[in-house]
Amino acid sequence: MAKSKKVENKDLKKALQEHFGFDSFKDEQQQIIESVLAKKDTFVIMPTGGGKSLCYQLPALMSEGIAIIVSPLIALMKNQVDLLRSYSDIENVAHFLNSSLNKGQIKKVKEDLMGGGTKMLYVAPETLTKEENVEFLKQLKISFIAVDEAHCISEWGHDFRPEYRKIREIINDIDPKLHIIALTATATPKVQDDIRKNLALKNPNVFISSFNRPNLYYEIVPKAKKDQTVKHIVKFIQQNRGKSGIIYTLNRKTTEDLAQLLEANGISAVAYHAGLDSKTRADRQDKFLMEDVDVIVATIAFGMGIDKPDIRFVMHYNIPKSIENYYQETGRAGRDGMEGKCLLYFSYKDVQKLEHLMRDKPLTEREMGAQLIGETVAYAESAICRRKVLLHYFGEEYDQSKCKCMCDNCLHPKEKIEVKDTVFTALEAIRQLKEMFGIDYVINVILGRLNTQIQSFKHDKLKCFSMGAHFQMDDHFWFSLLRQMMVEGLIRKDIEEYGLIKLTDKGKDFLKKPYSLQLSLNHKFQDADGDDDETGGGGASGSGALDPTMLEMLKDLRKQVAKQNNVPPFVVFLENSLEDMATNYPTTLLEMENISGVSKGKALKFGKPFVEMIAKYVEENDIQKMDEFVMKSVMNKSGIKVFIIQNIDKKIPLETIAKMKELNMNDLLHEMETIVSSGTKLNLDYCINDYVDEYDQEDIYEYFQTSDRGNLDEAFEDLKENNITLEQLQLVRIKYMSEYAN
């Protein structure tokens with residue numbers, strides 16, 4: 001038996017060399033291939049770049065008949081088939097069958113399949129469900145079924161596709177004896193269980209590789225307002241010029257806007273989303289793969305299974321819907337084992353948008369979605385090793401000392417505090433609550449907050465009620481503590497029971513015999529309030545980080561200058577302009593003109609005391625200024641601004657101006673505000689009364705005259721009794737700034 005096994009191993013390596021030119025297998029590839037060749041159901045969880053495809057491709061080439069590979073993306077099939085054909089001297093060694101083929105091409109594929117020689121057929125699940133295709137497949141000699149991206153079968157997975165639920169039924173129709181290999185790069189224990197059950201895998205051989213990608217660097221960047229965030233992105237890419245990268249966004253419009261901005265700044269980039277026709281998508285993908293473009297800005301429609309090993313960075317412009325999404329998408333970086341940087345721009349407004357997108361979904365789906373988003377937010381806020389949090393989510397323990405500063409939290413560790421007593425308090429509260437409640441409820445009980453739910457359960461009578469109040473710690477502390485207790489294995493969240501907190505054996509042991517424990521509190525991303533639909537705002541982290549001391553000095557100086565000119569401070573410079581100054585340290589009026597929202601006229605009018613103070617601060621604190629960096633706008637933006645100025649001068653109605661440039665009213669007001677904040681007057685006397693009552697105008701003027709910040713949200717809240725809309729407030733603020741700032 002031992003001798004035949006050795007011969008089999010030798011034959012496998014010979015086949016590997018013959019078909020793919022490799023001398024050896026990676027990790028568990030050989031055992032997986034042996035399992036498939038032995039006609040055993042096989043379940044493979046292997047991170048992106050681990051060599052999943054080979055686990056079914058080599059057995060397919062070595063087996064009699066045709067292997068059917070179920071794959072969710074058409075683009076992936078084409079890449080895989082092209083790659084297989086490049087390795088083989090047989091042109092029809094692999095085919096794909098999907099909606100991109102015309103009738104003539106489908107006929108040719110079927111002829112090749114019937115004629116022999118083809119060893120692999122890639123099919124989309126939608127194609128597999130068609131009756132005529134099932135009947136055709138019954139005529140073929142099939143070696144086995146490979147279900148790639150198997151997480152698509154689970155509602156708890158990050159890319160659920162209902163068609164995947166029908167695969168087992170179709171296999172039974174074709175031939176119930178066919179064995180299956182299911183593969184995925186991301187699957188929590190719950191998703192793994194779903195895959196096994198839905199595919200009805202029979203005593204499968206299970207191979208779970210480590211989820212760790214040691215060559216990837218993970219970082220969370222607090223997302224400032226749009227212009228600052230985009231500036232940070234452009235700087236980063238220019239510092240990594242010539243390297244391939246992907247930027248993921250939430251919607252189609254953002255992909256187009258970002259790609260245009262990158263192009264305007266000398267970066268070869270294209271947008272990719274489901275709204276493009278299939279030919280354009282395929283063309284752009286090919287350009288990226290062939291390195292005709294460096295950066296692809298995409299929605300999640302792009303990338304699943306993209307076989308490009310040298311992607312050097314993956315950015316998330318918006319927070320992903322789940323940890324699985326994040327892991328899968330960042331996993332496209334550094335598949336060759338070399339450099340891979342993963343940056344996520346985190347904003348609470350993006351979180352709100354994701355929650356808003358779920359509002360019309362069924363209740364169960366909303367609750368599941370909310371839990372998945374909550375896990376991603378917890379990952380972003382966490383102050384402990386990113387890898388430790390990621391791998392814990394997938395059920396894998398990790399020693400963070402092995403991270404080697406390959407995440408922002410390990411590179412810049414936060415101070416740890418002793419939490420032995422508070423951990424005991426939290427565990428005791430969970431025990432007394434009989435492990436039947438979620439984090440928020442547990443925290444309310446610990447802090448002694450009486451509400452209707454706590455009263456109805458009579459939990460205010462428990463000893464643990466208000467047990468943690470004497471520590472005088474806020475919600476942020478307790479939430480950080482409970483989250484890190486999960487990662488440390490003291491408690492677990494039962495995802496199937498909608499997030500109920502349960503004690504683990506380790507947690508129960510701690511209650512019996514507490515020991516010293518030190519943890520770091522979560523990050524408080526107070527500046528992470530960026531919105532894709534706004535401009536201006538907070539500083540970006542990383543290179544060019546905002547200097548808080550400088551910012552406070554600039555605010556004080558702005559008050560003095562405002563007093564001298566008898567105007568509110570925001571009229572002198574908007575908040576985002578000050579933040580840009582506190583990031584880039586302009587020390588001349590010429591440099592001041594490069595600051596967001598500062599025109600030549602405004603620099604001359606207000607800039608001198610600011611550049612003098614900044615120059616002195618830079619010298620006294622020995623600050624090394626960054627190389628001068630000016631981000632260019634998209635070409636037609638200046639044309640739009642000129643068009644708006646000219647037509648307002650002609651007293652054209654604002655709705656007509658917006659319609660002529662295909663803008664909505666919000667976009668037009670945003671452009672108008674940019675114009676006046678940069679120092680150009682707009683005379684709105686001809687139209688302002690059409691939008692805002694004269695008495696309301698007076699109230700709004702009075703408000704802005706006494707306001708330091710001129711913040712619209714604050715104004716809306718303070719004037720809500722007047723029934724004034726945000727649009728009306730913005731229009732009057734534009735008129736006010738035009739009259740007093742310019």
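Structure's up top.
Before going into details, it helps to say that this report is about the structure given with it. (Residues numbered from 1 in each chain as written. Predicted model: local features only at pLDDT ≥ 70, side-chain atom pairs only at ≥ 80, totals over all residues. Heavy atoms only, no water.)

Attention now moves to the sheet that holds strand 11 (residues 295–298). On the basis of which strands lie adjacent, the open sheet formed by 6 strands has the order 8-13-12-9-11-10 and parallel pairing. The open sheet has two edge strands, strand 8 (216–222) and strand 10 (269–272), and neither has a second partner. Averaged over all pairs of adjacent strands, the angle between strand axes in this sheet comes to 15°, irrespective of strand direction. The pairing of strand 8 with strand 13 (residues 340–346) spans 7 bridges and is classified as parallel. Within strand 13, the position partnered with Ile220 by the bridge is Leu344. Lying on the sheet, helix 13 (residues 323–330) is in contact with strand 8, strand 9 (244–248), strand 12 (311–316) and strand 13; it crosses strand 12 at an angle near 155°. (Pairing = 2+ DSSP bridges. Helix = DSSP H or I, 4+ residues; strand = E, 2+ residues; numbered from the N terminus. Axes fitted to C-alpha atoms, helices over the stretch in contact; angles between N-to-C directions. Contact = heavy atoms within 4.5 Å.)

Let us look at the environment of Glu324. Tracing the backbone shows Glu324 in helix 13. Here Tyr393 takes part through its side chain, which lies 3.0 Å from a polar atom of the side chain of Glu324. (Polar contact = N/O pair within 3.5 Å; in protein donor to acceptor, adjacent residues only side chain to side chain.)

What follows deals with unusual backbone geometry. Not every positive phi belongs to a glycine, and Glu149 is a case in point at roughly 50°. Mapped onto the secondary structure, Glu149 falls in the loop between strand 5 (142–147) and helix 8 (167–174). Its identity as a non-glycine residue notwithstanding, Glu291 has a phi of 65°, on the positive side. Note that Glu291 resides in the loop between helix 12 (278–289) and strand 11.

With that settled, the discussion passes to the pattern of salt bridges. What the rule picks out here adds up to 30 salt bridges. The salt bridge involving Asp112 is made with Lys108; its shortest N-O contact spans 2.8 Å. Placement of both Asp112 and Lys108 in helix 5 (residues 103–115) is noted, with a separation of 4 residues, approximately one turn of the helix. For Asp112, a relative accessible area of 13% puts it in the buried group. Arg558 is the partner of Glu575 in a salt bridge, and the nearest nitrogen-oxygen pair spans 3.4 Å. Taken together, the residues span a long stretch of sequence, with Glu575 in helix 25 (residues 575–584) and Arg558 in helix 23 (residues 548–565) at a distance of 17 residues. The two residues Glu575 and Arg558 agree in class, both being buried. Connected through salt bridges with shared partners, the residues Glu552, Lys555, Arg558 and Glu575 form a single ionic network. (Salt bridge = Lys/Arg side-chain N within 4 Å of Asp/Glu carboxyl O. Buried < 20%, exposed > 50% of the residue type's maximum accessible area, 1.4 Å probe, protein only.)

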